[in-house]
Amino acid sequence: MQRIRLRYTKRGRLRFTSHRDFQRAFERALRRSEVPMAYSAGFTPHPKVSYANAAPTGTGSEAEFLEIALAEARDPAVLRELLNASLPDGLDITDAVEARTSGLADRLTASIWELRLDGVSTEEAVKAVAAFNGAETVEVQRRAKNGMRTFDARAAVVDLQALDPQPDRPEDKPCAILRLVVRHVTPAVRPDDVLSGLRVVADLAPPVPAGVTRLAQGLFDEESGTVTDPLAPDREAAPAAPPMATGTAVATAPEGAGSA
């Protein structure tokens, strides 16, 4: 049984696709592409697909991950092309590698998010970010299954900054861009929790819903403060291509070929 790990996106209007809707679309693409899936045992067999830390509904993402198990070996690059031909635009497979290590979910310990705040000036955002970063704790509330839950949104945030205005941004329309690095903790701290925290500490309330996109997720490197590619260990574990034999003939064009 071969295991393939895939990185995929949720772009444009498909950011509003729920995780269950994506599951249905992906499994339909597997059938259309005639991928030789491995199936679970029991009375109701289902394809072996493992989803890892999906982004909340309504947020875009450039870095979602899943793993599939195949009954027959396939080239990951070819598999990626077949699946993209069967998936709707916006749900795109951007990377595919053979799983050669264990613990993909264990390597998803942090995410980088970009928050677009239309109607908020960069100056307002800078002040709010400074207030959030300067606070020891920022308590926010979120509705859970058992009612309202209060938790600290500050501890999980590794870095929060307001970026310089984009050069192509219309000057008469304020739009602040925030970059957020957050650890995956329990309870999970989501971008909307950080926005709630900014409202608590600085009364920052965007007039329209924020545009939220996950740019990356992976293992957080404490030394560099970056989020690393979780598929890199699988690439590094791949066997090296055999060296070309000494004395192998190299085809060359005949002398004078291509001349007028």
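Residues numbered from 1 in each chain as written. Predicted model: local features only at pLDDT ≥ 70, side-chain atom pairs only at ≥ 80, totals over all residues. Heavy atoms only, no water.

### Section: the pairing of strand β6 (residues 139-144)
- Looking at chain direction, β6 and strand β7 (residues 147-152) are connected through six bridges and run antiparallel. Paired with R143 across the strands is M148, a residue of β7. (Pairing = 2+ DSSP bridges. Helix = DSSP H or I, 4+ residues; strand = E, 2+ residues; numbered from the N terminus.)

### Quick notes on the nonpolar core
- If you look at the biggest cluster of nonpolar residues, it comprises 27 residues, and the most contacted ones within it are L115, L117, L160, L178, L180 and L198.
- Breaking this core down by element, the ones donating at least two residues are β5 (110-118), α3 (122-134), β8 (157-162), β9 (175-183) and α4 (191-202).
- In this view, L117 contacts P174, C175, A176, L178, L195, L204, P206 and A210; residues no more than four positions away in its chain are not counted.
- The next biggest cluster of nonpolar side chains, apart from the first, holds 20 residues, and it includes F22, F26, M37 and I68. (Core = buried A, V, L, I, M, F, W, Y, C linked by side-chain atoms within 4.5 Å. Buried < 20%, exposed > 50% of the residue type's maximum accessible area, 1.4 Å probe, protein only. Contact = heavy atoms within 4.5 Å.)

### Section: the layout of surface pockets
- The computed volume of the largest pocket comes to approximately 190 Å³.
- Surrounding the largest pocket, 15 residues form its lining, N53, H184, A188, V189 and R214 being those nearest its centre.
- For the lining of the largest pocket, the secondary-structure elements that each account for two or more residues are β5 and β9.
- Classifying every residue of the lining of the largest pocket by side-chain character gives nine nonpolar, three polar and three charged. (1 Å grid on protein atoms, 1.4 Å probe; cavity = no way out; pocket = protein on both sides within 12 Å on 5 of 7 lines; lining within 4 Å. Points joined across faces, edges and corners; volume = space filled by probe spheres on them. Nonpolar A, V, L, I, M, F, W, Y, C, P; charged D, E, K, R; others polar.)

### Side note on helix α1 (residues 19-32)
- Here α1 spans 20 Å end to end across 14 residues, near enough to the 20 Å set by a 1.5 Å rise per residue.
- Where α1 is concerned, the buried positions are F22, A25, F26, A29 and L30. Projection of α1 onto a plane perpendicular to its axis shows the buried side chains occupying an angular sector of 145°, all on one side. More than 90 degrees from the buried face of α1, the exposed residues found are R20, R31 and R32.
- Those residues of α1 that are buried are in contact with β1 (2-10), β2 (49-52), β3 (60-70), α2 (76-86) and β4 (93-98).
- Phi turns positive, to about 55°, at E34, one or two residues after α1. (Expected span 1.5 Å × (residues − 1). Arc of directions from axis to C-beta.)

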